[in-house]
Amino acid sequence: MKHLLADYLQMLAGHGLLSQTVETLGERLGESLQREITLVSCDSRKVIPGTLFICKGAGFREDFLRMAKERGAAFYLSEKPYEGVDLPWIGVSDIRAAMAHSASFCYDRPWEAFRLVGITGTKGKSTTAFFLKAIFDVYEKSRGGRPSGLISTILTEDGKESRPSRMTTPEPIELEEHFANAREAGLDYVTMEVSSQALKYDRVLDVQFDVAAFLNIGYDHISPIEHPTWEDYFASKLRIFSQCRTAVVHLGVDHSEEMLAAAQKARKVITFSETDERADVYGYGMKKQGRETHFKARVLGQEREYILGIPGFFNVSNALAAIAVAEHYGIPYDCVKEGLKRARVPGRMEEYTSADGKIVTIIDYAHNRLSFEKLFAAAKEEFPGRRIVALFGASGGKAINRRRDLGEVAAANADYIYLTEDDPGREDPTRIAEEIASYIKPFGTPYEIIPDRKEAIRTAIHAAKEPTLLLLAGKGHEVMVRRANGYEKGPSDADCARKYLTDYDGGLAGD
Ligand SMILES: CC(=O)N[C@H]1[C@@H](OP(=O)(O)OP(=O)(O)OC[C@H]2O[C@@H](n3ccc(=O)[nH]c3=O)[C@H](O)[C@@H]2O)O[C@H](CO)[C@@H](O)[C@@H]1O[C@H](C)C(=O)N[C@@H](C)C(=O)N[C@H](CCC(=O)O)C(=O)O
Ligand SMILES: Nc1ncnc2c1ncn2[C@@H]1O[C@H](COP(=O)(O)OP(=O)(O)OP(=O)(O)O)[C@@H](O)[C@H]1O
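Identification of the protein chain as UDP-N-acetylmuramyl-tripeptide synthetase from Shuttleworthella satelles DSM 14600 is taken from an unreviewed UniProt entry. Taken directly from UniProt, the Sequence similarities (unreviewed entry) text for the protein chain runs: "Belongs to the MurCDEF family. MurE subfamily." You can read under Function (unreviewed entry) in the UniProt record for the protein chain the words "Catalyzes the addition of an amino acid to the nucleotide precursor UDP-N-acetylmuramoyl-L-alanyl-D-glutamate (UMAG) in the biosynthesis of bacterial cell-wall peptidoglycan."

And the structure:
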């Protein structure tokens, strides 16, 4: 579809975003008004002739605009003019909102071509997204359809691209590109994680979710570059219910009532719970069977049984959310059951065991109080009779509260702790570890600091003399470590566990 600059300006004016009238702009832009916008971009490195270039971001510099002009940008959008660059300027009052509307306008609202499911919450977004993708894919395969799309912290698959993700929820232009790929690929379903930052910073401002699921709300992402207060964090997440047709809400958890109240904006509400029997999808009777988690659920009055192929009773609530969404779409029970049994989530409750069974290693992404509490509860409940050893660190430069949270939860639950690096950024990993240790000391739990993560994992595995459950927490599937001068690629925790368990006397048990 052609996008003439004149039509684009009318759209911005319609949203009250133009900082001059269309007439004033028209006089200044003259015949440019009839020019076609060939691309919208906020990255000068991607500009082609005819591009509408958007100047945004804390790190933006005027020479990016100069580069965009050299590469053929036709006009630029920003909140203030850059006098030093001779290019037609379109002034807007809110660049973030204007960027989101520009992206959906230029890509012609691609999400209308498929069923878009958004998942938000403090913990479980990636796991639930993978569960849903597995269910959609079994269903699509059963009827000769295409695999579903996924936009998550771990992986982005849009029907054209399949690659590890850089963010949980991309910025608007990248997001709409993925939606446009999914439309061109003819996908029926796309599942995406919606982070609180995405909602707060208008990354999904103009997006309409067919279904939006709210899993839970804890205390996380409170920092100068994320959310100034918990209230801002929660309010940001609740915004998802003002842009969805069907809302899926977790009953029986903290702040369920506020979630339910916000969900009334949707045309339809479906509830799920593992504690509140009033829920439309009510899960119960969970038990561990080997590496599997078995549970029952009453789904809109029908009694059903399910199996999760991964441990972690807390994953039952993620599965219930996925069951609620699948039920909304009328996906057959056997496809839902097969999808949940088959689903694996990189870096989430990944289990590796030594051949002699003495060491069970769990790799998990848990990196805040809520997920640490759930991880240790699962460890004690599902792996009884083992010495619990925890290995973790904390990010540098943000979410500083985690150092206390993780230190206290680990000290209260583990028999031994290895403190090591996570994503230190500009901070010294040893100093971060020592700060965490200051919260462990009052508990008297023994610990040691080994800054090199690979060396810490190797030491922990070889030091295990009695039946041990070793929890490698915080990095999950990640292979990149954020350091002072950028990201450094290294082995994932799973790579290290497999390597050092194989080196260990017992070798590595088969899958
Ligand atoms: C606070 C925040 O979210 N910032 C995001 C935002 O940064 P920004 O808008 O300030 O842009 P920037 O990175 O400073 O770059 C400035 C601009 O210069 C442009 N540029 C750059 C170089 C060049 O040669 N030419 C050029 O035009 C860039 O395209 C960019 O538009 O847009 C960037 C991409 O354009 C993101 O990388 C960046 O995420 C940062 C790294 C970040 O840490 N984000 C976190 C807070 C976040 O969003 N996390 C959530 C997950 C939270 C959770 O765990 O649940 C997420 O959804 O990922
Ligand atoms: N429903 C849940 N409740 C509490 N903790 C959970 C739940 N689901 C997963 N977790 C824990 O949180 C960790 C992260 O899970 P997951 O990656 O699915 O959540 P997320 O919301 O995507 O996290 P993030 O926002 O940090 O990317 C898991 O490894 C597990 O330890």
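**Here we look at the site of ligand 1**
Looking at ligand 1, there are 21 residues lining it, with Lys-56, Gly-59, Thr-168, Ser-195 and Arg-203 nearest. In the environment of ligand 1, an oxygen atom lies 3.1 Å from a nitrogen or oxygen atom belonging to the backbone of Thr-169. For ligand 1, whose free accessible area comes to 1,100 Å², the fraction covered by protein is 71%. Shared between two domains, the shell around ligand 1 takes at least three residues from each, and those domains are domain 1 (3–106) and domain 2 (110–342).

**Digging into the domain arrangement of the protein chain**
Domain annotation for the protein chain reports domain 1 (3–106), domain 2 (110–342) and domain 3 (350–509). Each of domain 1 and domain 2 has a C-alpha centre, and these two points are 34 Å apart. Summed over both partners, the interface of domain 1 with domain 2 comes to about 980 Å²; 62% of that surface belongs to carbon and sulfur atoms. Among the residues of domain 1 in contact with domain 2, Arg-96, Ala-100 and Ser-104 are the three that bury the most area, contributing 47% of the side total. Run the count over domain 1 and domain 2 and you get two salt bridges. Ionic pairing is found between Glu-171 and Arg-96, a salt bridge with its closest N-O pair at 2.7 Å. Here domain 1 and domain 2 share four residue pairs in polar contact (both at pLDDT 80 or more) between them. Contributions of two or more residues to the side of domain 1 that touches domain 2 are made by strand S1 (39–41) and helix H4 (95–106). Sorting elements by how many residues they give to the side of domain 1 that touches domain 2 places H4 first, with seven residues.

**Section: the packing of aromatic side chains**
Note on aromatic pairs: each is described by the distance of the centres and the angle between the planes. Using the criterion set out here, one finds 19 aromatic pairs in the structure. Consider the rings of Phe-60 and Tyr-82, whose centres lie 5.7 Å apart with planes at 55 degrees: the pair is tilted. Within this pair, whereas Phe-60 is found in the loop between strand S2 (51–54) and helix H3 (62–70), its partner Tyr-82 is found in the loop between strand S3 (75–78) and strand S4 (89–91), the two being separated by 22 residues in sequence. Tyr-82 matches Phe-60 in its accessibility class, with the two residues each being buried. With a centroid separation of 5.2 Å and 70 degrees between ring planes, the pair formed by Tyr-189 and Tyr-329 is classed as edge-to-face. Pair noted here: Tyr-189 is in strand S9 (residues 189–193) and Tyr-329 is in the loop between helix H10 (314–328) and helix H11 (333–342), with a separation of 140 residues, a long-range link. This pair shows no difference in class: Tyr-189 is buried, exactly as Tyr-329 is. Each residue in the set Phe-53, Phe-60, Phe-64, Tyr-76 and Tyr-82 is aromatic and connected to the rest through ring pairs, giving one cluster. The ring of Tyr-201 has Lys-200 sitting right over it, with the charged end atom 5.9 Å from the ring centre. Note that Arg-348 overlies the ring of Tyr-365, its terminal NZ or CZ placed 3.7 Å from the centroid.

**Observations concerning the nonpolar core**
Within soluble globular proteins, side chains that are nonpolar generally end up buried alongside one another. Grouped together as the largest cluster of nonpolar side chains are 43 residues, with contacts concentrated most on Phe-131, Phe-295, Ile-323, Ile-331 and Leu-340. Mapped by element, the contributors of at least two residues to this core are strand S5 (115–120), helix H5 (125–142), strand S10 (209–214), strand S12 (268–273), strand S14 (292–299), strand S15 (302–308), H10 and H11. When sequence neighbours within four positions are dropped, the list of residues in contact with Leu-340 reads Phe-131, Ile-135, Tyr-306, Ile-307, Leu-308, Gly-309, Ala-319 and Ile-323. Within the second largest apolar cluster, 36 residues are counted, among which are Leu-238, Phe-241, Cys-244 and Ala-262.

**Details of the sheet that holds S2**
If you trace the four strands from one edge of the open sheet to the other, you get S1-S2-S3-S4, paired in parallel fashion. Both outer strands of the open sheet, S1 and S4, are each paired with one neighbouring strand and no more. In this sheet, neighbouring strand axes are inclined to one another by 20 degrees on average, regardless of whether the strands run parallel or antiparallel. The sheet contacts of H4 involve S1, S2 and S3, and relative to S3 the element is tilted by about 135 degrees.

About the cut-offs
Residues numbered from 1 in each chain as written. Chains lettered and ligands numbered in written order. Predicted model: local features only at pLDDT ≥ 70, side-chain atom pairs only at ≥ 80, totals over all residues. Heavy atoms only, no water. UniProt positions renumbered as here; feature names shortened; annotations may be inferred. Near = heavy atom within 4 Å. Polar contact = N/O pair within 3.5 Å; in protein donor to acceptor, adjacent residues only side chain to side chain. Areas by Shrake-Rupley, 256 points an atom, 1.4 Å probe, with all protein chains shown as cover. Domains from an automatic or database assignment. Buried area = accessible area lost by both parts, 1.4 Å probe. Salt bridge = Lys/Arg side-chain N within 4 Å of Asp/Glu carboxyl O. Helix = DSSP H or I, 4+ residues; strand = E, 2+ residues; numbered from the N terminus. Phe/Tyr/Trp six-rings, centres within 6.5 Å; stacked < 30°, edge-to-face > 60°. Buried < 20%, exposed > 50% of the residue type's maximum accessible area, 1.4 Å probe, protein only. Lys NZ or Arg CZ within 6 Å of the ring centre and 35° of its normal. Core = buried A, V, L, I, M, F, W, Y, C linked by side-chain atoms within 4.5 Å. Contact = heavy atoms within 4.5 Å. Pairing = 2+ DSSP bridges. Axes fitted to C-alpha atoms, helices over the stretch in contact; angles between N-to-C directions.

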